[in-house]
Amino acid sequence: MFTYIVHRMLIMIPTLLAISVLVFIIIQLPPGDYLSNQIQELKAQGETAALEKIEFLREQYGLDRPMVQQYAVWVGIWPGNNGFEGLLQGNLGYSFEYNLPVGDVVGDRLFLSFLVSFTTIIFTWIVSFPIGVYSATHQYSIGDHSLTFLGFIGLATPNFLLALVLLYYANVTFGTSIGGLMDPQYLEEPWSFAKLMSVLEHLWIPVVVIGTSGTAGMIRRLRANLLDELQKQYVTTGRAKGLHPFKVLMKYPLRMALNPFIADIGNMLPQVISGAAIVSVVLSLPTTGPMLVEALRSQDQYLAGSFLMFLAALTVVGMFLSDLALAMLDPRIRLTGGSR
Amino acid sequence: MMVEGEDWLVKSRHYYPMRALAGDYFRTSIGLFLTVGPLMLLDVVDVLKVILFLLLIVFLIFGFRTMIRQATTVMLCDKGIRVRGGLAPQKLISWRTMRHLKLKYFSTRRDREAGWMQLRLDGEDGQLSLDSAIEGFEEIVARATEFAGVAGLSLEATTMENLEAMGLMPALDNAASDSADNRSAYHSSTYDVRDTHSR
């Protein structure tokens, strides 16, 4: 297992480096940059005073340098105007759109994104796990058919539509304010118990909206996997020898059927954050999703780049954790078509 | 544990080949380069310093383990398996007192190809872990499996499937059919070796 961890780590580090190169190239692909767009706008408006500041910013943030050098400065392996000050040094860069360091712009949004994402994952597992097990162990029963039907509805319903419906009913039934992750009076307030309660009051809507489709998909996969396992000979043997059905289910088939849950950890983290972007726009959530969309649209390269790197790091770490868990849970060779 | 009698006479010796170890030494040096480099040359943020330092420790342990492997000799005997050259002066697992046999497969690739096996034996006097990189790994696994069958050890489903992939199930079946009968057949999370026919 230790050898496996080392091998996986050695894949992880170059992967992150390669992703950082790709991210930087992609955010540089559109012609021009945020500042050149600003210059065009200011020139069109006949303003010249602000142009000097923009030229200063261009020099300050190294936008006049070659792309390779810009990348090296951004990552922090090449000195900028004030020495090493890149991602490796904890400096996420400067957001031209917000006129603030990226760290300040992201601020609370990152925590709120984590909160929404983490709660969504927990929601997805808590709901899909027992339903998937029930559907597999009670195949073709009324319960199975009903839950399958509900699952398909969950898969087929567009998230933004469900968001609007839930927003309406939450407002009418519970008096929850429309949009956002907290009541408006707490927006600029420091964290307090009342603010936390307000967040929790608003949290269930995005969690249900974002989690529904994932839950439905997970139920289907768990059901299919568990059915495969339950039809194997060893389960029949166990039952024939008088083992309690619950024990037969829990000890081995369920363990094997858990594989897709664990394998999904890696994909789930970034998917939930980036997939939540559209829902976040509809629900006016102060999360990172809408901010990324806006940063990409306006070519705010450091904001977009740092956020994409964050997503990439989350994916790579998630995949690493899920691979470790899978290796511990199921260190099997796969026999396919009679050969390895 | 003392090695006594002719049963502990060595039948075959097995070593980790330099070809396999060279890969691990290369991995160690890459790991050290990727961790020590930023720590020494770049003024990285504190969180990253901690992460890099932990990674550095992992790679150092890996390198040290590779050195130990280089000095390791595994000896197959009629009575059991002996390992010399590790941190302990000598390790012995007697076939008669062997309690567990686990065979795991690891691969870092998505298609799960190009991986490696790990054999773990637990006996009364300790445990032993060997990777498939060692010369004659199949012979070691075959011998251990044969005695696991004779002793009627319960093997995990994962181990059974990996043995099947190595083509060692017939040896296990034969050994099991020769061994004494009337043991408790089914253990909740494991197969008894005689249940393999039903699979």
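What counts as what
Residues numbered from 1 in each chain as written. Chains lettered and ligands numbered in written order. Predicted model: local features only at pLDDT ≥ 70, side-chain atom pairs only at ≥ 80, totals over all residues. Helix = DSSP H or I, 4+ residues; strand = E, 2+ residues; numbered from the N terminus. Buried ≥ 20, exposed ≤ 12 C-beta atoms within 10 Å, placed from the backbone. Contact = placed C-beta atoms within 7 Å. Pairing = 2+ DSSP bridges. Axes fitted to C-alpha atoms, helices over the stretch in contact; angles between N-to-C directions. Nonpolar A, V, L, I, M, F, W, Y, C, P; charged D, E, K, R; others polar. Domains from an automatic or database assignment. pLDDT = per-residue confidence, 0-100. Parallel < 35°, antiparallel > 145°, perpendicular 65-115°, else oblique. Left-handed = near helix turned anticlockwise from the far one by under 90°. Core = buried A, V, L, I, M, F, W, Y, C linked by C-beta atoms within 7 Å.

Caption draft 1: Summary view of the overall build of chain A. From N to C terminus, chain A includes 14 helices and two strands. Expressed as lengths along the three principal axes of its C-alpha atoms, the size of chain A is roughly 85 × 55 × 35 Å. The 340 residues of chain A split such that 32% are buried. Look at the contacts in chain A between residues 6 or more apart in sequence, and 70% of them connect residues 24 or more apart.

Caption draft 2: Broad picture of the overall build of chain B. Of regular secondary structure, chain B possesses five helices and nine strands. Written out in order from the N terminus, the α and β elements of chain B read β-α-α-β-β-β-β-β-β-α-β-α-α-β. Considering chain B as a whole, with its 199 residues, one finds that 30% of them fall into the buried category. Sequence-distant contacts in chain B: of pairs separated by 6 or more residues, those separated by 24 or more amount to 60%.

Caption draft 3: Region of the structure containing the environment of Gly-152 of chain B. Take Gly-152 of chain B: it is sitting in the loop between helix H3 (137–151) and strand E8 (154–156). Separated by 78 residues in the primary sequence, Gly-152 of chain B and Val-74 of chain B have C-alpha atoms spaced 24 Å apart.

Caption draft 4: Structural context of the sheet that holds strand E3 (residues 80–84) of chain B. Residues and elements named next belong to chain B. The strand order across the open sheet formed by four strands is E1-E2-E3-E4, and the pairing between neighbours is antiparallel. Only two strands of the sheet have a single partner each, and these edge strands are strand E1 (10–15) and strand E4 (90–94). Averaged over neighbouring strand pairs, the angle between their axes works out to 20 degrees when direction is ignored.

Caption draft 5: Spotlight on the sheet that holds strand E5 (residues 100–106) of chain B. Residues and elements named next belong to chain B. Here three strands make up an open sheet; going across it, the order is E5-E6-E7 and the pairing antiparallel. Both outer strands of the open sheet, E5 and strand E7 (126–131), are each paired with one neighbouring strand and no more. For this sheet the average axis-to-axis angle between neighbouring strands, irrespective of direction, equals 15 degrees. Judged from the six bridges that link them, strand E6 (residues 116–123) and E7 form a sheet pairing that is antiparallel. Opposite Leu-119, over in E7, you have Leu-130 as the bridge partner. Sheet strands touched by helix H4 (residues 157–165): E5 and E6. Its angle to E5, the strand with the most contacts, is close to 65 degrees.

Caption draft 6: Spatial organisation of the interface of chain B and chain A. Each partner contributes to the interface: chain B provides 32 residues, whereas chain A provides 32 residues. When contributions to the side of chain B that touches chain A are tallied by element, the ones reaching two or more residues are helix H1 (18–41), helix H2 (46–70), E5 and H4 of chain B. Among the residues making up the side of chain B that touches chain A, the classes are represented as 17 nonpolar, seven polar and eight charged.

Caption draft 7: Representation of the domain arrangement of chain A within the structure. For chain A, the domain assignment lists domain 1 (2–101) and domain 2 (105–298). If you average the C-alpha positions of domain 1 of chain A and of domain 2 of chain A, the two centres end up 35 Å apart.

Caption draft 8: Up close: the confidence of the model for chain B. All names here are of chain B. Across chain B, pLDDT averages 78, with 80% of residues at or above 70. Of all the helices and strands in chain B, strand E9 (residues 190–192) carries the lowest mean pLDDT, 38, while H2 carries the highest, 91. Predicted confidence is poor over residues 180–199, with pLDDT under 50, and the contacts of this stretch with residues over four places away or in other chains come to 46 contacts. We note a pTM of 0.71 for the whole complex and an ipTM of 0.77 for its interfaces.

Caption draft 9: Quick look at the packing of helix H1 (residues 2–28) of chain A against H1 of chain B. H1 of chain B packs onto H1 of chain A with a crossing angle of 45 degrees between their chain directions and a minimal axis gap of 11 Å. It follows from the interaxial angle that H1 of chain A and H1 of chain B lie oblique. The way H1 of chain A lies across H1 of chain B gives a crossing that is left-handed. Here H1 of chain A contributes Val-6, Leu-10 and Ile-13 of chain A to the contact with H1 of chain B, which in turn contributes Arg-27, Ile-30, Gly-31 and Leu-34 of chain B. Taken together, the residues of the contact of H1 of chain A with H1 of chain B break down into five nonpolar, one polar and one charged.

Caption draft 10: Structural context of the environment of Leu-324 of chain A. All names here are of chain A. One can find Leu-324 in helix H14 (residues 301–329). We classify Leu-324 as partly exposed; it has 16 C-beta atoms within 10 Å. As for Leu-324 and Ile-13, which are separated by 311 residues in sequence, their C-alpha atoms are 16 Å apart.

Caption draft 11: Highlighting the nonpolar core. Among the nonpolar cores identified, the biggest contains 28 residues, and Met-98, Leu-101, Leu-119, Leu-121, Val-141, Ala-144 and Ala-148 of chain B are the most heavily contacted of them. At the level of secondary structure, the elements contributing two or more residues to this core comprise E4, E5, E6, E7, H3 and H4 of chain B. Counting residues per element, this core draws most heavily on H3 of chain B, at five residues. Setting aside chain neighbours within four positions, we find Ala-148 of chain B in contact with Met-98, Leu-101, Leu-153 and Leu-155 of chain B. Counting residues in each nonpolar core, the second largest holds 23 residues, with Ile-27, Tyr-94, Val-106 and Ala-304 of chain A among its members.

Caption draft 12: Geometry of the packing of helix H13 (residues 288–297) of chain A against H14 of chain A. All names here are of chain A. At their nearest, the axes of H13 and H14 sit 8 Å apart, and the two run at 135 degrees to each other. Here H13 is positioned oblique relative to H14, judged by the angle of their axes. Of the two possible hands of crossing, H13 and H14 adopt the one that is left-handed. Touching Thr-288, Leu-292, Ala-295 and Leu-296 of H13 are Leu-303, Ala-304 and Phe-307, all from H14. Partitioning the contact of H13 with H14 into residue classes produces six nonpolar, one polar and no charged.

Caption draft 13: The arrangement of the pairing of E5 of chain B in detail. Residue and element names in this part refer to chain B. Of all seven residues that make up E5, five are buried, and the element is covered over most of its length. Pairing analysis gives seven bridges linking E5 to E6, with the strands arranged antiparallel. Along E6, the bridge assignment pairs His-100 with Asp-122.

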